[in-house]
Amino acid sequence: MSAEVARVAIVTGAAQGIGKSIALRLAEDGLDVVVNDIPSKSSELDSVKAAVEAKGRKSLAVVGDISSEADVIALVEKTVSALGGLDVMVANAGILFPTPLVDLPVSEWDRIFNINARGTFLCYRHAAKQMIKQGRGGRIIGAASSASKQGIANLGHYSASKFAVRGLTQSAALEWGAHKITVNSYAPSTVETPMVDNFVSSVGAPRDAFYAGQSQLSAVGYHGQPEYIADLVSFLASKGSHHITETG
């Protein structure tokens, strides 16, 4: 009896934080994992690649900007060429920075939408094209946020970009369900990551006090950690989630 062929995942924004935790969890689940991030994080990305391989899985580190369609196409093509296919796309990459809407330069509005919304769309689109071509279904998962469900002062641009991810995800789920492709997003509140640490620093808040305050706001009494999100993505990426897709 021949061994089952390993499923293959791509995780964007995988050099740190939630993306790194997702990549390592999927490797523990038995998937081969391609990790992606921007060129300035190439050394961190290589470390994540090594950590995936240390878990006994194949890996590939591909630097690139998800807001560039050419880079996303190259990411998918390199994945298929090196590992034989694509079964799971985790469009995790995103950016966050605070600015009041009246002070927000239009260029910064465009920048956050280019990465958070356009980048997610491009990852969804080209993953779906490959999965449809393969004919064996797949899992597409994107990073939304609690800010995709309720606006936040001084984060209107970020919130709007994440609302866009939710609308995109629901529409894609309706379009691609016939191909056995499920499309879902995760929408956490505060998660302790380098990105959030940078946000806290930018607003001049004491780090420990900020996270303590976020824990008090949580119904369970503690704020998020990257591995909590990785646990959810693990299930959404699994074969057992075949009946769950975000249509509304």
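Residues numbered from 1 in each chain as written. Predicted model: local features only at pLDDT ≥ 70, side-chain atom pairs only at ≥ 80, totals over all residues. Heavy atoms only, no water.

If you check an unreviewed UniProt entry, the chain appears there as Short-chain dehydrogenase from Psilocybe cubensis.

(A) Summary view of the packing of helix 1 (residues 17–28) against helix 8 (residues 226–236). Contact pair helix 1 / helix 8: the axes reach a minimum separation of 8 Å and the direction vectors enclose 45 degrees. The angle between the axes of helix 1 and helix 8 places the two elements in the oblique class. Helix 8 is crossed by helix 1, and the crossing has right-handed handedness. Where helix 1 abuts helix 8, its residues Gly17, Ile18, Ser21, Ile22, Arg25 and Leu26 lie against Pro226, Glu227, Ile229, Ala230, Asp231, Val233 and Ser234. Classifying every residue of the contact of helix 1 with helix 8 gives 7 nonpolar, 3 polar and 3 charged. (Axes fitted to C-alpha atoms, helices over the stretch in contact; angles between N-to-C directions. Helix = DSSP H or I, 4+ residues; strand = E, 2+ residues; numbered from the N terminus. Parallel < 35°, antiparallel > 145°, perpendicular 65-115°, else oblique. Left-handed = near helix turned anticlockwise from the far one by under 90°. Contact = heavy atoms within 4.5 Å. Nonpolar A, V, L, I, M, F, W, Y, C, P; charged D, E, K, R; others polar.)

(B) Representation of the packing of helix 6 (residues 194–202) against helix 7 (residues 207–217) in the model. Packing of helix 6 against helix 7 brings their axes to within 10 Å, and their N-to-C directions diverge by 115 degrees. It follows from the interaxial angle that helix 6 and helix 7 lie roughly perpendicular. Where helix 6 crosses over helix 7, the handedness of that crossing is right-handed. Touching Val196, Asp197, Phe199 and Val200 of helix 6 are Arg207, Phe210 and Tyr211, all from helix 7.

(C) Layout of helix 4 (residues 106–134). Its 29 residues place the ends of helix 4 40 Å apart at the C-alpha level, agreeing with the 42 Å of an ideal helix rising 1.5 Å per residue. Its maximal kink placed at Asn114, helix 4 deviates by approximately 40 degrees. Positioned one or two residues after helix 4, Gly135 has a phi angle of 75 degrees, which is positive. (Expected span 1.5 Å × (residues − 1). Bend = angle between axes of the 7 residues up to and from the residue.)

(D) Structural context of the side chain of His126. Here His126 lies in helix 4. Apart from residues no more than four positions distant in its own chain, His126 is found in contact with Glu69, Val72, Ile73 and Val76.

(E) Up close: the environment of Ile22. Within the element layout of this structure, Ile22 appears in helix 1. For the pair formed by Ile22 and Asn92, sequence separation is 70 residues and the distance between their alpha carbons is 9.0 Å. Discounting residues that sit within four places of it in the chain, Ile22 has contacts with Val11, Val90, Asn92, Tyr186, Ala230 and Val233.

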